[in-house]
Amino acid sequence: GRMKPVIVVHGGAGRIFKEREEGSRAGVVRAALRGYVILKQGGSALDAVEEAVRSMEDDPHFNAGCGSVLNEKGEVEMDAIIMDGKNLDSGAVSAVKCIANPIKLARLVMEKTKHMLLTDHGAHLFAQAMGIPETPAEKLITKRSQERWKKNLEPDSNPEEFQKDLGTVGAVAIVCEGNVACATSTGGLSNKLIGRVGDTACIGSGGYADNHSGATSTTGHGESIMKVVLARLILYHMEQGMSPEMAADTALDYMKTRVGGLGGVIVVNSSGEWAARFSTKQMSWATVKDDQLHYGIYAGEKNTKPVDEALISESEGF
């Protein structure tokens, strides 16, 4: 049977500082609405997740695109992935610099090359070949990222303390025909080694989409997510008959007990049921299903609004 389209987005799991809550909430709501408008107009699940993620890359509240954290040398290096559940095609980029929207480049890797992942200099050359304009490095650096980087350089600093406020962004969607897609984008870990690539660019860790079971995008401690291949693990549990919520909780619990890692996930299954779950203190998320917008940041928090009403209040921004 035909189902209504669904989109779910996350703006990162971790600890969202009080002064950033409002911006995070507004940012995920905007991203979900933008993706939903594309679905409503008959766009593909891929188009919707790319647009939702692009919206958050352009929003300095999140650790992706503009607002990305800085590596040990004070530079922005970003990772992104996109995946099509129809034929398991995927495209990803890692350690890219001077690009406003890594998710767009990941989509081009998927559609214009025979490869799945391009990195650093090669990704840069490919972006040039595709006519993607270069964004000056300083345009992506916010005052907040700069301050955090400096703080983390102090001898008695504990970057781990700050890592909790991560903000990787992601989206999953399903359309009436049952096609699913996922997209994830991040600036990575603050003060990371040059060339560090986390879970986001890795298929099965940062995201996975398969029409047979569903789609998921992850956020949290990248190295832990990679150890358990979190995105694929969640889909595996759904293949075993678990609901999206149960599959997400089971996988997050395993990651916590097995490797001590915390994170968050958004999931949609092949029948359009969704979940947004996290083992961190918070995760900003939003979803649109059946003409209702739902969103939250805290465990157990779920605000609901008719989507038409939300679109009207958002429309100045469109």
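Residues numbered from 1 in each chain as written. Predicted model: local features only at pLDDT ≥ 70, side-chain atom pairs only at ≥ 80, totals over all residues. Heavy atoms only, no water.

**With respect to empty space enclosed by the protein**
Sizing a probe to match a water molecule and rolling it over the atoms shows the empty space that remains.
Thinking step 1. Under the defined criterion, the tally for this structure stands at two cavities of 30 Å³ or more.
Thinking step 2. Space inside the second largest cavity adds up to approximately 70 Å³.
Thinking step 3. Surrounding the second largest cavity, 13 residues form its lining, Thr168, Thr186, Gly188, Arg196 and Gly220 being those nearest its centre.
Thinking step 4. Here the lining of the second largest cavity is built from residues that sort into two nonpolar, eight polar and three charged. (1 Å grid on protein atoms, 1.4 Å probe; cavity = no way out; pocket = protein on both sides within 12 Å on 5 of 7 lines; lining within 4 Å. Points joined across faces, edges and corners; volume = space filled by probe spheres on them. Nonpolar A, V, L, I, M, F, W, Y, C, P; charged D, E, K, R; others polar.)

**What about the UniProt feature "binding site: substrate" (unreviewed entry) in the protein chain?**
Thinking step 1. The residues that UniProt annotates with the feature "binding site: substrate" (unreviewed entry) are Arg196, Val197, Gly198, Asp199, Thr219, Gly220, His221 and Gly222. Cross-referencing the annotated residues with the second largest cavity identifies Arg196, Gly198, Asp199, Gly220 and Gly222 as lining it.
Thinking step 2. You can call His221 partly exposed: its relative accessible area is 31%.
Thinking step 3. Mapped onto the elements of the fold, Gly222 is located in helix 8 (residues 222-228).
Thinking step 4. Ignoring sequence-local partners within four residues, the contact set of Gly222 consists of Arg196 and Asp199. (UniProt positions renumbered as here; feature names shortened; annotations may be inferred. Buried < 20%, exposed > 50% of the residue type's maximum accessible area, 1.4 Å probe, protein only. Helix = DSSP H or I, 4+ residues; strand = E, 2+ residues; numbered from the N terminus. Contact = heavy atoms within 4.5 Å.)

**Here we look at the layout of surface pockets**
Thinking step 1. Estimated volume of the second largest pocket: approximately 240 Å³.
Thinking step 2. Looking at the second largest pocket, it is lined by 13 residues, and the ones nearest its centre are Glu245, Ala276, Arg277, Trp285 and Gly300.
Thinking step 3. Only helix 10 (244-259) and strand 10 (274-278) provide two or more residues apiece to the lining of the second largest pocket.
Thinking step 4. Counting residues per element, the lining of the second largest pocket draws most heavily on strand 10, which supplies five residues.
Thinking step 5. Counted by class, the lining of the second largest pocket contains seven nonpolar, one polar and five charged residues.

**Here's the deal with the pattern of salt bridges**
Thinking step 1. The tally for this structure, following the rule as stated, stands at 20 salt bridges.
Thinking step 2. Salt bridges sharing partners connect three or more residues here, namely Lys18, Glu21, Arg25 and Glu301. (Salt bridge = Lys/Arg side-chain N within 4 Å of Asp/Glu carboxyl O.)

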